[in-house]
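Structural overview
One letter stands for each residue in the lines below.
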Amino acid sequence: MTTTVVVRKAGQIAIASDSLVTFGEVRLSGDYEANEKIIKVGDSYIGLAGSTAHFSVVRRLLTSMDRLELHSRDEVFDTFLRAHTELKEKFFLNPKEDEDDPYESSQITAVIANPSGIYGIYSLREVFKFERFWGIGSGRNFALGAMHASYDRLRTARAVAQAGILAGAEFDKNSAGPSRVFSFAEKADQ
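Residues numbered from 1 in each chain as written. Predicted model: local features only at pLDDT ≥ 70, side-chain atom pairs only at ≥ 80, totals over all residues. Heavy atoms only, no water.

**Some words on the side chain of T4**
As a reminder of what qualifies: Note on conventions: DSSP H or I runs of at least 4 residues are helices, E runs of at least 2 residues are strands, and numbering of each starts at the N terminus. When checking whether two residues touch, look at their non-hydrogen atoms; a contact exists if any pair is within 4.5 Å.
Its place among the elements puts T4 in strand β1 (residues 4–9). Setting aside its immediate chain neighbours within four residues, T4 contacts A16, S17, G47, L48, V111, W134, G135, I136 and I165.

**Focus: helix α3 (residues 140–150)**
Selection rule: For the exposure calls, accessible area comes from a 1.4 Å probe over protein chains only, and a residue counts as buried if that area is under 20% of its type's maximum, exposed if over 50%, partly exposed in between. Arc, as used here, means the arc of the directions from the helix axis to the C-beta atoms.
Listing the buried residues of α3 in full gives A143, L144, A146, M147 and S150. Considered in projection along α3, the buried side chains sweep an arc of 165 degrees and stay on one side of the axis. What points out from α3, more than 90 degrees from its buried face, is the exposed set N141, H148 and A149. Where α3 is buried, its residues meet β1, β10 (133–136) and α4 (157–171).

**A closer look at the pairing of strand β9 (residues 127–130)**
Rules: One requirement defines pairing of two strands: DSSP has to find at least two bridges between them.
As judged from the four bridges shared by strand β8 (residues 117–121) and β9, these two strands associate in the antiparallel manner. Looking across to β9, one finds that I121 is bridged to V127. What sits between β8 and β9 in their antiparallel hairpin is a turn of five residues, with R125 showing a positive phi close to 70 degrees.

**Some thoughts on the packing of helix α1 (residues 52–64) against helix α2 (residues 73–91)**
This is how the line gets drawn: To get an axis, a line is fitted to the C-alpha atoms, and for a helix only the part in contact is used. The angle between two axes follows their N-to-C directions and goes from 0 to 180 degrees. By convention, the crossing between two helices is left-handed when the near helix turns anticlockwise from the far helix through less than a right angle, and right-handed when the turn is clockwise. Polar here means any residue other than Ala, Val, Leu, Ile, Met, Phe, Trp, Tyr, Cys and Pro, which are nonpolar, and Asp, Glu, Lys and Arg, which are charged; Gly is therefore polar.
Here α1 crosses α2 at 115 degrees, and the two axes come no closer than 11 Å. Where α1 crosses over α2, the two elements pack in a sense that is right-handed. Residue-level inspection shows V57, R60 and L61 of α1 in contact with α2, the latter providing A83, E86, L87 and F91. Partitioning the contact of α1 with α2 into residue classes produces five nonpolar, no polar and two charged.

Structure below.
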């Protein structure tokens, strides 16, 4: 599992993640493998949570897509709708989750940060645009609490994101450092 967060504050956007990978009872820390949970494609950073298999598959898929548009809720939705077809056809995605689900699952939980804002995408292609911050992964509740408590107190998006990742790594058994943080300026007209 993981702790991955996105933050928007004071004209800055940040995305951060821990670097621990787990396989059942086995922990593979960043000391033994790079464990990059954030993928950079164009001016977007995509942070993933969930199955370790997603990291290789989503990296390959998104870096090979002809039109990767992730600068609005609709663009994120359209991109991941196209990705769903490729996930099934090229990567053999098993789209079943719950029998009562109204749509096939892409089995993906991700956050996206780029100069246009911060977004979340979930397995049934639900897309959210967040105004302040959000987190995904098994450490998200700890991260959300830390970011909520520090958002007004800390000056930058990067500092708030680091607070979230540190809380996730401290209290979630499936998250650990070192953390990776990327920050950049928000597009001026947001």
